[in-house]
Amino acid sequence: FKSQPVVKPKSGPKKIFISYAREDRVWVDKLGRHLVSLKRRGLVESWDDSRIRPGTEWDESIMDALKQADIYIFLISIDFIASTFINQREVPVALQRAKKDTSIRVIPVVIRTCEWGDELYSKFQALPPNAKPISTWHDEEEAFTQVVKGIASLLEVN
């Protein structure tokens, strides 16, 4: 048994901002477990609103995290699309930053079946492959594995 060497990006771990609808919290937790291997290797750190501490202004915390992110993951579902806060606050910041800085990535991760082809973020390549909603996969673990492989490919990590 030979362990993999720890390869850290030159500028530290990439910061991932996970944007999701409250109704999809379970999917955030699943994604978080699948990102553990990248986290342990020091390649990424992820942020979602569960990291906001009690007594902290939540809007300010979200905006700070948005402005520091290198990678935005949008967990796409009908509830994500229907969320006013997400679409008026989070999505515009992410898209504006990605437009100004080509190193910033926006990754739609389709978790539940919905029509999102007319959304502003539909121009970004989605995960899992073919934008097949994770909830429709026979094996959700395989779907999440494909998502993590896609994220790892951005980091040039195998």
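Quick look at the structure, then. Everything quoted here is computed from the prediction, not taken from an experiment.

## Section: the nonpolar core
Inside soluble globular proteins, nonpolar side chains tend to come together where they are buried. Ranked by size, the top nonpolar core spans 27 residues in total, and within it Phe17, Tyr72, Phe74, Ile76, Trp116 and Tyr121 carry the most contacts. Considering each element in turn, this core owes the most residues, six residues, to helix 5 (residues 84-100). If near-sequence neighbours (up to four positions away) are discounted, Trp116 is found in contact with Ile76, Ile81, Pro108, Val110, Tyr121, Ser122, Ala126 and Ala131. Formed by 26 residues, the second largest nonpolar core is a distinct cluster that contains Ile16, Tyr20, Leu31 and Ile151.

## Comments concerning helix 5
With 17 residues, helix 5 extends 24 Å between its outermost C-alpha atoms, agreeing within 8% with the 24 Å of an ideal straight helix rising 1.5 Å per residue. All of the buried residues along helix 5 are Ile86, Glu90, Val91, Val93, Ala94, Leu95 and Ala98. Where helix 5 is buried, its residues contact strand 1 (14-19), helix 3 (58-68), strand 3 (71-76), helix 4 (78-82) and strand 4 (105-110).

## Let's talk about the packing of aromatic side chains
Under the definition given, this model contains seven aromatic pairs. Taking 5.4 Å as the distance between ring centres and 80° as the angle between the ring planes, the aromatic pair formed by Phe74 and Tyr121 counts as edge-to-face. Placement of the pair is Phe74 in strand 3 and Tyr121 in the loop between strand 4 and helix 6 (140-154), with a sequence separation of 47 residues. Three or more aromatic residues joined by ring pairs form one cluster here, namely Phe74, Phe80, Trp116 and Tyr121. One Lys or Arg, Lys30, reaches over the ring of Trp27 and ends 4.6 Å from the middle of that ring. The ring of Trp137 has Lys132 sitting right over it, with the charged end atom 5.3 Å from the ring centre.

So, how was this worked out
Residues numbered from 1 in each chain as written. Predicted model: local features only at pLDDT ≥ 70, side-chain atom pairs only at ≥ 80, totals over all residues. Heavy atoms only, no water. Core = buried A, V, L, I, M, F, W, Y, C linked by side-chain atoms within 4.5 Å. Buried < 20%, exposed > 50% of the residue type's maximum accessible area, 1.4 Å probe, protein only. Helix = DSSP H or I, 4+ residues; strand = E, 2+ residues; numbered from the N terminus. Contact = heavy atoms within 4.5 Å. Expected span 1.5 Å × (residues − 1). Phe/Tyr/Trp six-rings, centres within 6.5 Å; stacked < 30°, edge-to-face > 60°. Lys NZ or Arg CZ within 6 Å of the ring centre and 35° of its normal.

Shape descriptors only; they carry no functional weight alone.
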